[in-house]
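# Understanding the architecture of this molecule
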Amino acid sequence: MKVLIINAGSSSLKYQFMSPDTGDVYAKGLCERIGIDGRLNHSVPGRDKVVQDIAMPSHSEAIQAVLSILVDETNGVIKSTDEIDAVGHRVLHGGMAFTESCLIDDACIAAIEKCIPLGPLHNPANLMGIRACQAVMPNKPQVAVFDTAFHMTMPAKAYTYAIPYEYYENDDVRRYGFHGTSHRYVSARAVDMLGNPEHSKVICCHLGNGSSLSACVDGKVVDTTMGLGPLAGVPMGTRSGDIDATIIEYLMDRYGYDIKTMMNILNKKSGVLGISGVSSDFRDLDNAAAEGNERAQLALDKFVYEVKKDIGAYAAAMGGCDAIVFTAGVGENSIDMREKLVEGLEYMGVKIDPVKNKTRGVEAEVQADDSRVKIFVIPTNEELMIAKDTAALAK
Ligand code: AMP
């Protein structure tokens, strides 16, 4: 079986064409500047990358460009689009309607539409991707895989906000959590790596440009750091993470910002970029800090402090911890960051082996021999999860 994975943003569309059985990726790429002019970046393992300027007034032309290049004689990997068995879509917000992936039909689309107020930036773009695929491939099964779904096992005490209850009852205001497909993949791998015990307590740290942690008991999420939206939790590349809501009123009053401007500051100008004034990219921050930039160092220290605090909080919430998992760009690749994140957690039975920890981008166990808690580096593979769900539902 061969599955096309689509992750549609407002002006971009990422794709990956792969096998859900082996995880082999036949081709992947990115359509960017949709609605502006249009550019296709396409890559096939073992071949040179291809960049083409193609007019993309909407997501439909972008999907059409993807299908054309997949069957292209020179750059393609299949003879005909008949070889695409199903299409899997990453969808940001499934609200309370979706606890798992779903075959896309009219009811599913209506439910995704209903979640637009909860994911106003992403859900409309995800829907554009879905509709564009339905238009050009009307007979192929399409599946929606939600970023929120894996977190829906949280108990009420974790997902309820301490605001008037009517906002939960009438308006669906609660913690949802994101990066669910990544947390699902790495937490399942962690349970495997623990030897599939009947009971397990795992803390997953998805640390990249966006970051979130989850606490998983027996493979099910009991808490996660992101909230109603992906702005909550630990500081991120450009997102503030949790802040005192009073700051919002204070700055809006002081500078006359409207709510759009304020949210743009919290989403795009905050996080480690906001503190450092240097970059949202952790490698840039490492370099700047090494050259003596104090604010870059402060941004890194703040990130470490908050992630470490949440690791402690989740160990407390679960009454212990069998494994800590590091994944995503920073978690998989930053040796230094992993070392700092567990420094001082020896009292919890967490002890890293600095030699084993010198690893990047591959699955590894990096705890010391006498560490009670395992420390796993697990490269995430959201696309594989989407492909597997898509294949299972399409069958
Ligand atoms: P992601 O959003 O998962 O793609 O992660 C992107 C982030 O990972 C960026 O901030 C990168 O700087 C960071 N990253 C990737 N490789 C490294 C590395 N070797 N050391 C530190 N940060 C890294």
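Everything numeric here is computed off the predicted structure, so don't read it as measured data.

### Here we look at the sheet that holds strand S13 (residues 364-365)
Taken in spatial order, the six strands of this open sheet run S11-S10-S9-S12-S14-S13, and their pairing is mixed. Sheet topology places strand S11 (220-224) and S13 at the edges, where each strand pairs with a single neighbour. Relative to strand S14 (residues 374-377), S13 is paired through two bridges, and the arrangement is antiparallel. Among the inter-strand pairings, Glu 365 is bridged to a residue of S14, identified as Phe 376. The strands that helix H6 (residues 180-193) touches are strand S9 (201-207), strand S10 (211-217), strand S12 (323-327), S13 and S14; relative to S9, the one it contacts most, it runs at about 135°. Set on the sheet, helix H11 (residues 294-318) makes contact with S9, S10, S11 and S12; between it and S10 the angle comes to about 15°.

### Looking at the pattern of salt bridges
Evaluated as defined, the whole model comprises 17 salt bridges. A salt bridge links Arg 39 to Asp 53, with the shortest nitrogen-to-oxygen separation between them at 3.4 Å. Here the residue Arg 39 occupies a position in strand S4 (residues 39-43), and Asp 53 occupies one in strand S5 (residues 50-53), the gap between them amounting to 14 residues. Note on Asp 53: relative accessible area 65%, which makes it exposed. Of the charged contacts, one joins Arg 131 and Glu 113 as a salt bridge, the two residues approaching to 2.5 Å between their closest N and O atoms. With a gap of 18 residues between them, Arg 131 in helix H3 (residues 123-136) and Glu 113 in helix H2 (residues 106-114) connect regions that are remote in the sequence. What you see here is one network of salt bridges that share partners, running through Glu 32, Arg 39 and Asp 53.

### Let's talk about helix H10 (residues 282-290)
All of the buried residues in H10 are Phe 282, Leu 285, Ala 288 and Ala 289. Looking straight down H10, one finds that the buried residues subtend no more than 120° of arc, so they occupy a single side. When the buried face of H10 is taken as reference, the exposed residues oriented beyond 90 degrees from it are Arg 283 and Ala 290. Looking at the buried residues of H10, the elements they touch are helix H9 (271-276), H11, helix H12 (328-333) and helix H13 (335-342). Capping the start of H10, Asp 281 holds a side-chain oxygen 2.8 Å from the backbone nitrogen of Arg 283, two or three residues further along. A positive backbone phi angle near 100° is found at Gly 292, which sits one or two residues after H10.

### So, the nonpolar core
Counting 37 residues, the largest nonpolar core has Ile 203, Leu 207, Leu 213 and Ile 311 as the members making the most contacts within it. Of all the secondary-structure elements, those providing two or more residues to this core are S9, S10, H10, H11, S12, H13 and S14. Considering each element in turn, this core owes the most residues, 10 residues, to H11. For Leu 207, the contacting residues outside a window of four places in its chain are Leu 213, Phe 303, Val 307, Phe 326, Thr 327, Ala 328, Gly 329, Val 330, Gly 331 and Leu 341.

### Regarding H6
Taking 1.5 Å of rise per residue, the 14 residues of H6 would be expected to cover 20 Å, and the 20 Å separating its terminal C-alpha atoms lies within 8% of that figure. Where burial is concerned, most of H6 is hidden: 10 out of the 14 residues are buried. By the burial criterion, the buried members of H6 are Gly 180, Thr 181, Ser 182, His 183, Tyr 185, Val 186, Ser 187, Ala 190, Val 191 and Met 193. Once H6 finishes, Gly 195 follows within two positions and takes phi at roughly 95°, a positive value.

### Quick look at the side chain of Asp 353
In this fold, Asp 353 is placed in the loop between H13 and S13. Despite its burial, Asp 353 remains without a salt bridge, the nearest opposite charge being carried by Lys 356 at 4.1 Å. Those residues in contact with Asp 353, other than ones at most four positions away along the chain, are Val 366, Gln 367 and Ala 368.

### Observations concerning the environment of Asp 258
Examined against the element boundaries, Asp 258 turns out to sit in the loop between helix H7 (246-255) and helix H8 (259-268). Asp 258 sits 33 residues away from Glu 291 along the chain, and the two C-alpha atoms are 38 Å apart.

### Thoughts on the sheet that holds S5
Within the open sheet, the eight strands sit side by side as S5-S4-S3-S2-S1-S6-S8-S7. Their pairing is mixed. Each edge of the sheet is formed by a strand with only one pairing partner; in this case those strands are S5 and strand S7 (102-103). Across six bridges, the pairing between strand S2 (residues 13-18) and strand S3 (residues 25-32) is antiparallel. Residue Met 18 lies in a different strand from S3, and its bridge partner there is Val 25. Running over the sheet, H3 touches strand S1 (3-8), strand S6 (86-91) and strand S8 (142-146) and is turned about 170° from S6.

Conventions used here
Residues numbered from 1 in each chain as written. Predicted model: local features only at pLDDT ≥ 70, side-chain atom pairs only at ≥ 80, totals over all residues. Heavy atoms only, no water. Pairing = 2+ DSSP bridges. Helix = DSSP H or I, 4+ residues; strand = E, 2+ residues; numbered from the N terminus. Contact = heavy atoms within 4.5 Å. Axes fitted to C-alpha atoms, helices over the stretch in contact; angles between N-to-C directions. Salt bridge = Lys/Arg side-chain N within 4 Å of Asp/Glu carboxyl O. Buried < 20%, exposed > 50% of the residue type's maximum accessible area, 1.4 Å probe, protein only. Arc of directions from axis to C-beta. Polar contact = N/O pair within 3.5 Å; in protein donor to acceptor, adjacent residues only side chain to side chain. Core = buried A, V, L, I, M, F, W, Y, C linked by side-chain atoms within 4.5 Å. Expected span 1.5 Å × (residues − 1). Lys, Arg positive; Asp, Glu negative; His and termini not counted.

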